Amino acid sequence: MVTVSRSAKSDVLTVADVLEVEEVQAAHPRVLAGRNRLHRAVRWVHISDVPDAAKYLRGGELLLTTGVGLPEDRNELAGYVRELAEAGVSGVGIELVRRFHEMPRELIDAADRWDVPLIALEKEVQFVAITEAVHAQILDRQLAKLRVQESVRHAFQALPPGASPREVVRKMSELARCPVIFEGLTHRPLAVDARTVSLEELLVGWETRSRRLDAGHSDWLVAAVEPGGQPCGRVVLLAERTPGVLHRAVLETGATMLAIGWLLAGTPASLERAAHRELVDDIVNARCRSMNEVYVRAHSLGVAFRSQRLAVLAVRSAPPYCHEKAVLQAIEWTRTVGLAGQLRDDFVCALVAVPSDETPAARVASISAELRHGYAGPPESLALGAAFLEDDATLDTLVRAISEADEAARSMLGSGDERVATIHDIELRGLLRLLQDDARVQRFVDQQLRPIWTHDAQHGTFLLDTLAAFLDCAGNKSAAAARAHRSRAAFYHSLDRLAAVLGRDLEVPEVRLALHVALLASQVGVRPESPPPPALAEPPPAHELTRAGWPSNGWPSNGWPSNGWPSNGWPSRHAAPPRRRGAQRAARVGMTCSP
């Protein structure tokens, strides 16, 4: 249901409009009383000379009379006017030709007392000519109104189903060409489109100006939004000129769309979260003009940031996703002033105020603790990053802080590290995780590791594990062999094979660095251009085995089996394989059967 404020000016035919009609002008009309009521709408023109004409009226009529049938007693003329006023007459036109040649003072005084426009028609005209001309204008305006309403409805049909309040308000502002504000019952703007005016100027002191509308101290168009008959807010159209039929059609249709959207949204809190989300989205996408605009818009949502230090909190998550509702609850539970918006399924950005008696890191850490306490997913699927702003922060500084906090959060996602990271905590693993979707990094990983993947898949070897142990020990072969639980001779042989497969010298530091970066990238989730070949489903041929029957490159350093061999019946990571006496001797001297 939509209720348009009675104080809004309507675009119907008024008494003042009737006075401008050519047929009325021919009668030389002169307003003698009720000049402050000439804006009354004229629904119809009625002609009557009977003294009890009031009982034939339904309200909104302009009564025309020659005065012939009016009471002879001049004291009864006041009662005649009073009855017309009570019937809701828009105005009275009396011809000063037959009965009166000068308007009786009693009629003038009564009309002033009852605020009834009293018009003297000093020339004789055909009343039927006046009625035809006025009725034609009334019908023309009604037809024009229907056409405008139909065009407005057609324009709103272009919106997607379940359009957000922001989309509806933007469409209203576009059609009416003036600012539009949709506010809740607490006078907080839920959606705003300032059109060409400054958003800061529009929202400063909005709550006070909005409350003045309740007292009828404004000519703005106002429509109550009442989904299911329950008031939930109202939409205000701030027309810069006298509102017309277009403005009213836009207001009524837009308010209906907002009521439907409210029913779909479910709760007032969801619309308030949408308003927070829109502000955060405007900041990230550089649609805000200044930091002052951010403060003003936040204040209009009940979030007072001014004169407080600010911190940015970026929340990254993997399924199950962490939603903005959980972040806002954590902010509320820690009694922090802040807002949050979900920009994507896996990304929530929050802007919080830091009390003067607390460090920014401590405040963000308390919010993080509350958020993790209520999070149902595993710890590694949630990561938080933060950035802190100085007191003199600018809009560019704020946008950069959001970007840095997001980078820090993404670098931690999947690591299981529960601390709140900053941009300074991003090391090589974090950097590679940030770049995991970059095609150039994927191509680099593929170029560096593809020969090893292919060899391991075709021969059932574990050269990739050999490389990992060698690089983890910074190129120290003895330490790497011990880490791999293999003899130095067997490990050295595997390194020689690895160098031959790669066609590169592993003693060159730059080669080791490139391989180490590629290996770290694959470990943090960088996918190569094409997946590695599948590992062997069966054990390798005999010439690839040692005399004891085990792979020639020794035991895998990161668990058994790493290349997809069946695990049933094979030794565990920490158990040594059974060896016969001959195999033990072969192992001591590093003998193998592989080439």
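Above: the structure in question.
Residues numbered from 1 in each chain as written. Predicted model: local features only at pLDDT ≥ 70, side-chain atom pairs only at ≥ 80, totals over all residues. Heavy atoms only, no water.

A. The arrangement of unusual backbone geometry in detail. The residue after Pro319, namely Pro320, is reached through a cis peptide bond having omega 0 degrees. Tracing the sequence through the fold places Pro320 in the loop between β11 (309-317) and α12 (324-333). A positive phi is found at Arg335, a non-glycine position, where the angle reads about 55 degrees. Relative to the helices and strands, Arg335 is located in the loop between α12 and β12 (338-344). Take Arg335: its relative accessible area is 79%, and that puts it in the exposed class. (Helix = DSSP H or I, 4+ residues; strand = E, 2+ residues; numbered from the N terminus. Buried < 20%, exposed > 50% of the residue type's maximum accessible area, 1.4 Å probe, protein only.)

B. Looking closely at the sheet that holds strand β14 (residues 382-388). Strand order in the open sheet formed by five strands is β12-β13-β11-β14-β15, with mixed pairing between adjacent strands. The two strands at the open ends of the sheet, each matched to only one other strand, are β12 and β15 (420-421). Bridge analysis of β11 against β14 gives seven bridges, and the strand direction is antiparallel. Pairing of Val315 across the sheet is with Leu384, part of β14. (Pairing = 2+ DSSP bridges.)

C. Quick look at the pairing of strand β8 (residues 189-193). Where burial is concerned, most of β8 is hidden: four out of the five residues are buried. With four bridges joining them, strand β7 (residues 180-184) and β8 adopt antiparallel strand pairing. Each bridged residue has a counterpart across the sheet, and for Phe182 the counterpart in β8 is Ala191. What sits between β7 and β8 in their antiparallel hairpin is a turn of four residues, with His187 showing a positive phi close to 70 degrees.

D. A look at the packing of helix α17 (residues 463-472) against helix α19 (residues 488-502). The interhelical angle for the contact between α17 and α19, taken along N-to-C directions, is 105 degrees, at an axis separation of 10 Å. For the element pair α17 / α19, the angle class is roughly perpendicular. Taking contact as the criterion, the partners of Leu463, Thr466, Leu467, Ala469 and Phe470 in α17 are, on α19, Phe491, Ser494, Leu495, Arg497, Leu498 and Val501. Class assignment of the residues belonging to the contact of α17 with α19 gives a composition of eight nonpolar, two polar and one charged. (Axes fitted to C-alpha atoms, helices over the stretch in contact; angles between N-to-C directions. Parallel < 35°, antiparallel > 145°, perpendicular 65-115°, else oblique. Contact = heavy atoms within 4.5 Å. Nonpolar A, V, L, I, M, F, W, Y, C, P; charged D, E, K, R; others polar.)

Take it as geometry only, folks, not as evidence of what the structure does.
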